[in-house]
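Here is what each chain is made of, one letter per residue.
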Amino acid sequence: MAKKEQHAIQLKPSEGPHSDGTLYITNFDKNDRLKRAAKVLGLCWLGAAGSIPIIIAHWVLVPGFLIAGPIMAYKRMQQHTLKEHVTGKCPHCKKEITMNLDAADQLPKWDYCPNCNKSIQMVE
């Protein structure tokens, strides 16, 4: 079963005092990773089947989906943790912010405040 965790991090501006934030992480066990991999494989193969009636594009789409399915399923199977988002107060404007993270993001990471558009570094 997927286990959600919260980690305390710091939101640091380029200069000045930092503020505290929370990093939300989901950890997947083997069964969850297998379900996620099977889901993405099924969606890719469904996309391959759905693109068969498209007259010219099916020569590229069907093989593309059939090849991408196992590759994406393998990547999903290897992903043990997923960093979802960071919440906290912007050290510049002091407003509550939420910043979404990509699957490949690693901390420390620079991003911009969605309110004041100033740079913030997220550090564990």
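The notes below deal with the structure included here. (Residues numbered from 1 in each chain as written. Predicted model: local features only at pLDDT ≥ 70, side-chain atom pairs only at ≥ 80, totals over all residues. Heavy atoms only, no water.)

## Some words on the nonpolar core
- One finds Ile9, Leu11, Leu23, Val86, Ile97 and Met122 to be the most contacted residues of the largest nonpolar core, which totals 13 residues.
- Elements that contribute at least two residues to this core include exactly β1 (3-13), β2 (19-27), β4 (96-100) and β6 (119-123). (Core = buried A, V, L, I, M, F, W, Y, C linked by side-chain atoms within 4.5 Å. Buried < 20%, exposed > 50% of the residue type's maximum accessible area, 1.4 Å probe, protein only. Helix = DSSP H or I, 4+ residues; strand = E, 2+ residues; numbered from the N terminus.)

## Details of the state of the cysteines
- Under the criterion given, the structure shown has 0 disulfides.
- The cysteine cysteine 116 is free of any disulfide, with cysteine 113 supplying the nearest cysteine sulfur at 3.6 Å.
- Look at cysteine 116 and you get partly exposed, because its relative accessible area is 26%. (Disulfide = S-S within 2.5 Å.)

## Regarding helix α1 (residues 30-50)
- In this model α1 runs 30 Å from its N-terminal to its C-terminal C-alpha over 21 residues, within 8% of the 30 Å that 1.5 Å per residue would give.
- Close packing links the buried residues of α1 with α2 (58-78). (Expected span 1.5 Å × (residues − 1). Contact = heavy atoms within 4.5 Å.)

## So, α2
- Compared with an ideal rise of 1.5 Å per residue, which puts 21 residues at 30 Å, α2 spans 30 Å between its outermost C-alpha atoms and is within 8% of the ideal.
- The largest bend in α2 comes to about 25 degrees, at alanine 68, with the proline proline 70 one to four residues further on.
- Along α2, the positions that sit buried rather than exposed are Val62, Gly69, Ala73 and Met77.
- Turning to α2, the residues buried within the fold contact α1. (Bend = angle between axes of the 7 residues up to and from the residue.)

## Describing the sheet that holds strand β5 (residues 109-112)
- Taken in spatial order, the 6 strands of this open sheet run β4-β3-β2-β1-β6-β5, and their pairing is antiparallel. This sheet does not close on itself; its edge strands, each paired only once, are β4 and β5. For this sheet, the mean angle separating the axes of adjacent strands, direction not counted, is 30 degrees.
- As defined by bridge partners, β2 adjoins strand β3 (residues 81-89) across 7 bridges and the pair is classed as antiparallel. When the bridges of β3 are listed, leucine 23 appears paired with valine 86. (Pairing = 2+ DSSP bridges. Axes fitted to C-alpha atoms, helices over the stretch in contact; angles between N-to-C directions.)

## Examining the packing of aromatic side chains
- By the definition in use, this model includes 0 aromatic pairs.
- Arginine 36 extends its terminal NZ or CZ atom over the ring of phenylalanine 28, reaching a point 4.2 Å from the ring centre. (Phe/Tyr/Trp six-rings, centres within 6.5 Å; stacked < 30°, edge-to-face > 60°. Lys NZ or Arg CZ within 6 Å of the ring centre and 35° of its normal.)

## Points about the environment of glycine 50
- For glycine 50, the location among the structural elements is in helix α1.
- By relative accessible area, which is 49% here, glycine 50 ends up partly exposed.

## Quick look at the pattern of salt bridges
- Scanning all chains against the criterion turns up 3 salt bridges.
- With a shortest N-O distance of 3.9 Å, lysine 3 and glutamate 5 are connected by a salt bridge.
- The salt bridge involving aspartate 111 is made with lysine 109; its shortest N-O contact spans 3.8 Å. There is no split in this pair, since aspartate 111 and lysine 109 are both buried. (Salt bridge = Lys/Arg side-chain N within 4 Å of Asp/Glu carboxyl O.)

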